[in-house]
Amino acid sequence: MEKRNAVIEDYYRLHYAGQPDYCDRTQSLAYTIVCGEEENDFYRSEIWVKRLESGQTIRVSAGGAYESNPRLSPDGQSLLFLSDVSGTAQVYVAQGADFSSVCALTHMRYDVHGPIWSPDAGRIAFLCDCEPDLPDELLMVPQTPEEREAYEAQKASRPVIITDYGYKADEDKGFTETRTTHLFVVNTANGEVRKLSDGDRDHVMPAWSPDGKKILVTSNRLRPREESIGMDLFLITVDSGEIEQLSKENWIAYYPASFYPRFTPDGKTVVFGALYPDVSGNMPLTRLYRMDAVPGAEEVNIWPKEAPCHEATCFLYNGETMARGYEKGQVSEDGAYLYFISGWQGEVNLYRAAITGEPKIEQLTRGHHYYSSMGEIRGGKMALLKGDFTHTPQIVLYDTATGEETVAVETNSWLTEVAIEEPEEMWIDSLDGQGRIHGWVLPPMNRQSGQKYPAVLYIHGGPTPFYGYGMTYEHEALAGAGMAVIFCNPRGSSGYGSAHESNRAAFDGTAMYDLLQFVKEACSRYDYIDPDRLGVTGGSYGGYMTNWIVSHSKVFKAAVTQRSIANELIEYASSDMAGSSQGFVNFQDFMIHEIERSAVAYADRIDIPFLILHALGDMRCPVEQAHQLFTAVKDTHPDLPVRMVLFPGENHEMNNHGTMAHRLRHYREMIDWFVRWL
Amino acid sequence: MKRLTIEDMDRLVYLAVPDLKHDGREAVCTVARADKGCNDFVPQVRRFVLSETGKLEKDELVAERSELAKYSPDGSRLAWLCTDSGESQIWIRENGTDRQLTHLRHGVTDYSWSPDGQSLVWGAPLWPEETDAPFGEMTSEEKRVWKKKKDSEPIVVEELMYKLDEVGLFDGSFHQIGVTALDGSSVLLTKAPFEHRNPVISPDGRQVAYYACPDGSIHRLRVQIFTCPLPESITGREDSHKGSEQSDSQEGARDRYEERQVTHEEYLIESVPLMFDPADAESDRVAALMYEKTENGFVQLPYLFSLTDGKKEPLFEAACPVEEINNLVVGRNAVGREAPPCVFSEDGGTYYFTSLWMGNQHLYVYDRAKKEFTCLGTEDESIQALSAPRSGRMVYLKGTLMYPAELYWRRLAEDAGEKTDTKEAAEHALTQENAWLSEYELPRPEKLCVPTADQKGSVHGWYIKPAGLKPGEKVPAVLDVHGGPECSYSTNFWFEFQYLASRGLAVVYCDPRGSVGYGSAHQKGDCAYGTEAQEDLLGFLDAVIALGFIDETKCGVTGGSYGGYMTNRLISTTDRFAAAVTQRNLCNLATSYGTGDMGFVTGKKDFTSMLAMFKDRVNARATTLRLVDRVKTPLLILHGTQDYRCSFEQGEQLFIAMKERNPQIPVRFVAFPGENHGLTRGGRPEAQKGHLKEMADWFVRFLKEGEFAQQGPQEDRAEKAASGMVPSNGLPAAGEEEA
């Protein structure tokens, strides 16, 4: 039977399973299903519970459109979750047979996130945003929609006072002066809410001590703002509210990849991920540590000298998922192992580290696939997501004793009607002889033999993330539109070791030659690729590289640059990841240096149809980048097709969390541009 | 006597666009105030009934939430724009009753009466897909849905000049021209996807002349004069549209109104509407202002254009004594609209205009037959917004050093039969909206004229002594630098300065080289960015200091836009200021290119490569950021987040660079969400107050309370240099001019 081509509209049919939580006592699995809804242009997120013995599935809802974060209580009888039915995300608890009795537990002013059960299920800890000038009592009173609108309008016109670094952040936060995340607990019996942290800094990633007396929390409350990613561990005694610093030496891994700190089941030890300096210039690695749950205790590195993986996290760039804030570490019930996920050569596998004794890490799974979103280990089993090149993530149950895996929830079985193929894997030797570049070529769908097709080089962002064994529907849609997609992990990508990850190589031309060499090799290996009809695209760093590669080579005939960096001087101050002029005696020399390495300074050499896609609210690569790039290309090439599409109300994460209509328009603009010019 | 507080800013009343009835016995004017509830300025239209001698007999409200009132030529009707229906629509008063005349989908932006008073032409914003159904307002629910959709629609850009500070990003709509008769029947006359503005109907009623930007972008730099035939009689036409329920859908009708481009000029000035020359019996000539290139730069002069062939001739047949018709006063009360600075007499024999000259804005009269200019002016006044002369009289707005502009009545000299004995009687005020200021202790600005250091000219300016200054006392002072640089301070009431004075600070402000209104030699060439302007400012400040009431160790400096550039420059090339506030500043040309709305390389002969251009921009004089290592002055940075002239990233760069390079120097950055480059003029009331309060607090903190001064910036710097934190070499000495 002939299969059909993928189209962009398929996005409305994709269902994303996520946030699995398994309870061994009741043999139940709670999870979410997210899908885009075309009619109202929003994402619907539904909560389901599956009885694994009977296969019965139960929908749990408080009546909201976006309901998430399902957590079964330790006895499996109650389910907490977040629902937006009131207009903001609040904690709800469902009980009774089939969880049909649902009641609201919190009524906070702003969205609640990350609620977790205390061990005895008598309390729930959660995070909620606060404002500096807002009295605490107002935080715990909901606003009517009218009040919210009036308050937001008033606040929107209030001057923003900025006295230090770190005054803005991407991902919906905007000017951070306005909001700080704090820790709260709510009593499940009477709904009484208490605020447990204070100050003008964030408190995140809470974990209950097994005796339920303390909460472990991560905060930068004692760090200067320049150390924007420096975080420490704190212990908060729930009854007294006393807060004491636990860790001091390490930067707790929260950004760019969060690793939730955990207690061991006996409550005596805390395990955590922390940023470990890599060879100069690279993104720090996430490595694992343990310490006694006592302030001032030694922070012991439990990473062995020889490990089967590079770090305790992974920056997988692709793989269709909509799950936010998924967790990357779980402790076994006997307290012996810390389970985590790591990536290597495109695969993302499960590993475990010995918490005590001689440092040791074992690789538990192998294969062309990826894992994410680890649920808590209960009864020796852990629920997690697993996907690959031809499957969107399914929920699997992993047996920690036997290593066996069973599929618990399948989604998107309709994808079998689409001509989705396994991409062709390629390894090439780099021109400089110092690296091997790994990547893939996705052939055009339903291609005719002997016919030649255009191909698009799709460059990933970062540069630290890597392409792995996960489906990217955007690639499928390009293939569905009759184009091959070339994607690979040039120097600067993680998952291939420190030398390969070199941040310097990502920007000094090395990565560009890796990419050009990979494209050349792909053209010679696969005769369906027409080397005269090549396009290039990418987002963020991939956008930077798109700008750079088309101004420094003549290989491509059309380009689409997404949320790109064009001028390093704009990035220096206006990105939420501020740059640095350290090492320059004279600021003017720094400015000249930054200009010389900015793609926009070579915009006069961009002479192919050029499309710029950018979100107006981007604070990572601020939209001024797009404005200047558009002007520079159009200004020097008045007759060249140059187009810029700006997306209102969106930020750098638009392709992950933007509205469905904007995401689809974004994909469509890109695909149409390549169809038109290739 | 009371001292001004920041809240008093809300009490200021702003007048705009006066008009006079045909018999000179009645005037209307827009009167705007800050409204706390909606955090915006709300205009109303007021009517003033006058005696034969211009005495005020009655002052009454015509309509709330309204502006831009104009009498029909025969005086029997009054029109204005009112937003009560949800959009800004034309309303009419006739025989004592008011009614809404137009129902444009998104309202009307500007309009004018036909000479016979039977119809009005207007400009209205419409999206291209709406030009077939431009009439009929949306219900509030329809509008909410429409707006939500529009607001979330991606913005597609394919041409340069897709944004303008005052407008924001191009939203895809264009103004189109249409006409509405008194019975409400309407015809949309233009449809082409480009801007059409400020339509006027010819005296013979046969055609409409207007400005348009045929290149499709929103930029107004290259507007052209267009014309379009008008249906012979709007009323009773078959193809005209009755009521507002249907659209003009008859295809055949369209061809008859085909618009035609008249001019191919480079420098027409769109902000002043076209005027038909009343002296031209053929109804063919329109007067327009245009930039003319002279050896010293550009001057604005009026020209007459033939609508038939686009040929032009200068309106002035003699040299203008003030060189040009210049209206570029900085930061004038810009709530509401600006009325034209030039008008014809009813017979066209005389041309009246206002222009800046030596700090004043006088009324000038050009007698076209005699080719003679006369100045009708007294010292210390600033005449703006002329009404058309009617029956030998005129109303206009006039500001003084002590009061914001009020409405004035004037008997024009040409009305020979009514010549009066005393000069005073020729002019008097009709309003005293800002009389409440008399309860306050407001020091009078004093004038000073200082020869320039290079002896090539002189610098005019003012200083304000703080309220309650005791003899012999020395106080801190703030030097305030205007923007532009092609602007000028003029004789006007400056709330900002009076507020600073009420906080105990002296204020010094002047018009250095580069300012307009002092002759083209004063603004010649690049002197605004060269050493001349800087030396003029410091020379003027020194001259005021020499008067003996200023503590020269406690001087601050501030300014917006170009004034922000100059503030940056002064604190990075001198150490004489103890505090600085840079407003909406430009500090890095290498990033302002393309992020602001100015400046392109297309067609530039000296363009070699982008890299060379960017390096030139880094090394440019205007790029003061390159000198950031030398700044030792506590710096406050104020910037609107939606500034598309000097984009927000300019403020961010200066802040981050100060933090990183000069961690010991106090720096503070205040962002104003949603505000553009016009923040201190047209910004929301709360933003304007917040802006001024931040500035005043900063100066009080570092100039009066002496914070940071004790440790001494100089020593601090030396200490840092010794510790290796700051380079002691590689930097030119302070004050040395850059290559």
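Residues numbered from 1 in each chain as written. Chains lettered and ligands numbered in written order. Predicted model: local features only at pLDDT ≥ 70, side-chain atom pairs only at ≥ 80, totals over all residues. Heavy atoms only, no water.

1. Re the packing of aromatic side chains
Now for step 1: Following the criterion strictly, the structure yields 59 aromatic pairs over all chains and no others.
Now for step 2: When the centroid spacing of 5.2 Å and the interplanar angle of 50 degrees are considered together, the rings of Phe587 of chain A and Phe590 of chain A count as tilted. Linking Phe587 of chain A with Phe590 of chain A, this pair stays in helix H9 (residues 587-596), spanning three residues, or about one helical turn. For the residue pair Phe587 of chain A and Phe590 of chain A, the accessibility class agrees, reading buried in each case.
Now for step 3: With 4.6 Å between their ring centres and 50 degrees between their planes, Trp698 of chain B and Phe702 of chain B make a pair best called tilted. You can see Trp698 of chain B and its partner Phe702 of chain B sitting in helix H10 (residues 685-704), four residues apart, about one turn around the helix. Neither residue differs from the other here; Trp698 of chain B and Phe702 of chain B are each classed as buried. (Phe/Tyr/Trp six-rings, centres within 6.5 Å; stacked < 30°, edge-to-face > 60°. Helix = DSSP H or I, 4+ residues; strand = E, 2+ residues; numbered from the N terminus. Buried < 20%, exposed > 50% of the residue type's maximum accessible area, 1.4 Å probe, protein only.)

2. Brief notes about the interface of chain B and chain A
Now for step 1: At the junction of the two partners, chain B supplies 62 residues and chain A supplies 57 residues.
Now for step 2: Summed over both partners, the interface of chain B with chain A buries about 5100 Å², with 62% contributed by carbon and sulfur atoms.
Now for step 3: When the area that chain B buries against chain A is broken down by residue, the three leading residues are Pro154, Ile656 and Glu660 of chain B, summing to 11%.
Now for step 4: At the junction of chain B with chain A, the criterion picks out two salt bridges.
Now for step 5: For the salt bridge of Arg643 of chain A with Glu158 of chain B, the shortest nitrogen-to-oxygen distance reads 2.9 Å. (Contact = heavy atoms within 4.5 Å. Buried area = accessible area lost by both parts, 1.4 Å probe. Salt bridge = Lys/Arg side-chain N within 4 Å of Asp/Glu carboxyl O.)

3. Notes on the nonpolar core
Now for step 1: Ranked by internal contacts, the top residues of the largest apolar core, which has 179 residues, are Ile529 and Phe556 of chain A.
Now for step 2: The leading source of residues in this core is H10 of chain B, at nine residues.
Now for step 3: Within the second largest apolar cluster, 46 residues are counted, among which are Ile8, Ala419, Tyr473 and Tyr496 of chain A. (Core = buried A, V, L, I, M, F, W, Y, C linked by side-chain atoms within 4.5 Å.)

4. Quick notes on the packing of helix H4 (residues 531-545) of chain B against helix H5 (residues 562-573) of chain B
Residues and elements named next belong to chain B.
Now for step 1: Relative orientation of the contacting elements H4 and H5 amounts to 80 degrees, with a least axis distance of 11 Å. As judged from the angle between their axes, H4 and H5 are roughly perpendicular. Here Thr531, Ala533, Gln534, Leu537 and Leu538 of H4 lie close against H5, whose contacting residues are Tyr562, Met566, Arg569, Leu570 and Thr573.
Now for step 2: Residues that form the contact of H4 with H5 fall into these classes: six nonpolar, three polar and one charged. (Axes fitted to C-alpha atoms, helices over the stretch in contact; angles between N-to-C directions. Parallel < 35°, antiparallel > 145°, perpendicular 65-115°, else oblique. Nonpolar A, V, L, I, M, F, W, Y, C, P; charged D, E, K, R; others polar.)

5. Regarding the pattern of salt bridges
Residues and elements named next belong to chain B.
Now for step 1: Here the structure, examined in full by the defined rule, presents 80 salt bridges over all chains.
Now for step 2: Of the charged contacts, one joins Arg105 and Glu130 as a salt bridge, the two residues approaching to 2.7 Å between their closest N and O atoms. Of this pair, Arg105 sits in the loop between strand S8 (97-100) and strand S9 (110-113) while Glu130 sits in the loop between strand S10 (119-126) and helix H1 (140-152), and the two are 25 residues apart along the sequence. The two residues Arg105 and Glu130 agree in class, both being buried.
Now for step 3: Residue Lys191 is joined to Asp132 by a salt bridge in which the shortest nitrogen-to-oxygen separation is 2.9 Å. Of this pair, Lys191 sits in the loop between strand S15 (186-188) and strand S16 (195-201) while Asp132 sits in the loop between S10 and H1, placing them 59 residues apart in sequence.
Now for step 4: You can call Asp132 partly exposed: its relative accessible area is 40%.
Now for step 5: Put simply, Lys21, Glu26, Arg47, Lys58, Glu60, Arg93 and Asp98 are held in one network by salt bridges that share partners.

6. Observations concerning the sheet that holds strand S21 (residues 285-294) of chain B
The strands making up a sheet associate through backbone hydrogen bonding, with each pair oriented either parallel or antiparallel.
Residues and elements named next belong to chain B.
Now for step 1: Across the sheet, which stays open at both edges, the four strands sit in the order S20-S21-S22-S23 with antiparallel pairing between neighbours. The open sheet has two edge strands, strand S20 (275-276) and strand S23 (312-314), and neither has a second partner.
Now for step 2: Bridge count for strand S22 (residues 297-306) against S23 is three bridges, and the pairing is antiparallel. Note on S23: the bridge partner recorded for Leu304 is Glu313. (Pairing = 2+ DSSP bridges.)

7. Some thoughts on helix H7 (residues 610-619) of chain B
Now for step 1: Considered for burial, the residues of H7 of chain B that qualify are Met610, Met613, Phe614, Arg617 and Val618 of chain B. The buried side chains of H7 of chain B occupy one side of the element, clustering within an arc of 140 degrees when seen end-on.
Now for step 2: On its buried face, H7 of chain B sits against H9 and helix H10 (624-636) of chain A together with helix H6 (589-592) of chain B. (Arc of directions from axis to C-beta.)

8. Some words on a nonpolar patch on the surface
Residues and elements named next belong to chain B.
Now for step 1: Among the surface-exposed residues, Tyr267, Tyr291 and Phe298 lie close enough to one another that they form a single nonpolar patch of about 250 Å² accessible area.
Now for step 2: Tracing the chain through its elements places Phe298 in strand S22.
Now for step 3: Its relative accessible area of 33% is what places Phe298 among the partly exposed residues. (Patch = residues over 30% accessible without salt bridge, like charges linked within 9 Å, V, L, I, M, F, W, Y side chains within 5 Å. Areas by Shrake-Rupley, 256 points an atom, 1.4 Å probe, with all protein chains shown as cover.)

9. Some words on the confidence of the model for chain B
Residues and elements named next belong to chain B.
Now for step 1: When the pLDDT values of chain B are averaged, the result is 86; 88% of them are 70 or greater.
Now for step 2: Under a pLDDT of 50 for its full length, residues 415-424 has, in the predicted model, 11 contacts with residues more than four places off or in other chains.
Now for step 3: Across residues 710-739, where pLDDT falls below 50, the model places 44 contacts with residues more than four positions away in sequence or in other chains.
Now for step 4: Scoring the predicted complex yields pTM 0.89 and, for the interface, ipTM 0.86. (pLDDT = per-residue confidence, 0-100.)

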